[in-house]
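Here is how the chains run, residue by residue.
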Amino acid sequence: MPPTKKPCEPANYKQKLRLAVQYAVKDRSGIPDRLLFRKWVNAALMKSAEIVIRIVDLPEGEALNRDFRGKPSATNVLTFVYGDLPCAGDIVLCASIVSREAQQQHKSLVAHYAHLTVHGVLHLQGYDHIDEEDAVVMESLETEIITRLGYADPYSVL
């Protein structure tokens, strides 16, 4: 009789990913395709997951941030975790904010999308950056994943 699975899946277990990418913007130029998003999600994923990535325009980004966080303006990435499922949720990226930040930070647009996608996936898995100790853990994981993908450290000072 085969051994029963332990709560923590073995290291050689290949996680299953159900991923949908929604483009809710008129201009998709510069926005990564589904294959790149899948690559980045898989790089940050430590367990099976169901994820929707939605790229939105500024009005939708503002509405979501206002309605769910009480903030008056859009932000780069929002993560909505569905608590009743093991690892499921939505990652919302506001295209105009991501683009503006990439220019301001002198980063390639693709690298910035990669970083924010990894950031969102880590949030889905329970990581956070509210206090300093948690921020150090999350940022070091982000840096490890992003540099392994071939991008520069997103937290390095330019």
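Procedures and definitions
Residues numbered from 1 in each chain as written. Predicted model: local features only at pLDDT ≥ 70, side-chain atom pairs only at ≥ 80, totals over all residues. Heavy atoms only, no water. Helix = DSSP H or I, 4+ residues; strand = E, 2+ residues; numbered from the N terminus. Buried < 20%, exposed > 50% of the residue type's maximum accessible area, 1.4 Å probe, protein only. Contact = heavy atoms within 4.5 Å. Pairing = 2+ DSSP bridges. Axes fitted to C-alpha atoms, helices over the stretch in contact; angles between N-to-C directions. 1 Å grid on protein atoms, 1.4 Å probe; cavity = no way out; pocket = protein on both sides within 12 Å on 5 of 7 lines; lining within 4 Å. Points joined across faces, edges and corners; volume = space filled by probe spheres on them. Nonpolar A, V, L, I, M, F, W, Y, C, P; charged D, E, K, R; others polar. Phe/Tyr/Trp six-rings, centres within 6.5 Å; stacked < 30°, edge-to-face > 60°. Lys NZ or Arg CZ within 6 Å of the ring centre and 35° of its normal. Parallel < 35°, antiparallel > 145°, perpendicular 65-115°, else oblique. Left-handed = near helix turned anticlockwise from the far one by under 90°.

Peer 1: Could you give an account of the overall build of the protein chain, with specific residues and numbers?
Peer 2: Helices and strands together make up the secondary structure of the protein chain, namely 5 helices and 4 strands. What you see in the protein chain, going N to C, is helices and strands ordered as β-α-β-α-β-β-α-α-α. Put simply, the protein chain has 158 residues, and 40% of those count as buried. Within the protein chain, counting contacts between residues at least 6 apart in sequence, those at least 24 apart form 58% of the total.

Peer 1: Describe the sheet that holds strand β3 (residues 77–81), naming the residues involved and giving the relevant values.
Peer 2: The 4 strands are arranged β1-β2-β4-β3 in an open sheet whose pairing can be described as mixed. With one partner strand each, in any of the chains shown, β1 (17–24) and β3 form the two edges of the open sheet. The mean inter-strand angle of the sheet, taken between neighbouring strand axes irrespective of direction, is 15°. As paired strands, β3 and strand β4 (residues 88–94) are joined by 5 bridges and run antiparallel to one another. By the bridge assignment, Leu78 is partnered in β4 with Val92. Each of β2 (49–56) and β4 is contacted by helix α3 (residues 95–104), which is oriented at about 60° to β4, the strand it contacts most.

Peer 1: An account of the layout of surface pockets is needed here, citing residue identities and associated values.
Peer 2: Quantified by volume, the largest pocket comes out at close to 460 Å³. Around the largest pocket sit 19 residues that line it, and Arg69, Val77, His119, His123 and His129 are the ones nearest its centre. Going through the elements one at a time, α2 (58–69), β3 and α4 (109–124) are the ones with two or more residues in the lining of the largest pocket. Looking at the lining of the largest pocket residue by residue, the classes come out as 9 nonpolar, 7 polar and 3 charged.

Peer 1: So what's going on with the environment of Glu144? Which residues, and what values?
Peer 2: Locating Glu144 in the fold gives a position in helix α5 (residues 132–148). Note on Glu144: relative accessible area 44%, which makes it partly exposed. A C-alpha to C-alpha distance of 9.6 Å links Glu144 and Ala44, two positions 100 residues apart in sequence.

Peer 1: Could you give an account of the packing of aromatic side chains, with specific residues and numbers?
Peer 2: Where two aromatic rings form a pair, the distance of their centres and the angle of their planes describe that pair. All told, the structure shown has 4 aromatic pairs when counted by the stated rule. Arranged with centres 5.5 Å apart and planes meeting at 80°, the rings of Phe37 and Trp40 form a pair that is edge-to-face. Residue Phe37 and its partner Trp40 are located together in helix α1 (residues 34–44), separated by 3 residues, close to a single helical turn. What makes Trp40 buried here is its relative accessible area of 0%. Through a chain of ring-to-ring contacts, three or more aromatic side chains come together here, namely Phe37, Trp40, Tyr113 and Tyr151. Here the basic side chain of Arg28 rests over the ring of Tyr23, its NZ or CZ set 3.6 Å away from the ring centre.

Peer 1: Just give me the short version of the packing of α1 against α4, but keep the residues and values in it.
Peer 2: Running from N to C, α1 and α4 cross one another at 45°; their axes reach a closest spacing of 9 Å. When the axes of α1 and α4 are compared, the pair comes out oblique. Our pair here, α1 against α4, has a crossing hand that is right-handed. Along the contact surface, α1 presents Leu36, Phe37, Trp40, Val41 and Ala44, while α4 presents Val110, Tyr113, Ala114, Thr117, Val118, Val121 and Leu122.

Peer 1: Can you lay out unusual backbone geometry for me, pointing to particular residues and giving the numbers?
Peer 2: Of note, His106 is a non-glycine position whose phi angle comes to about 55°, a positive value. When you line up the elements, His106 lands in the loop between α3 and α4. According to the relative accessible area criterion, His106 is exposed, its value standing at 66%.

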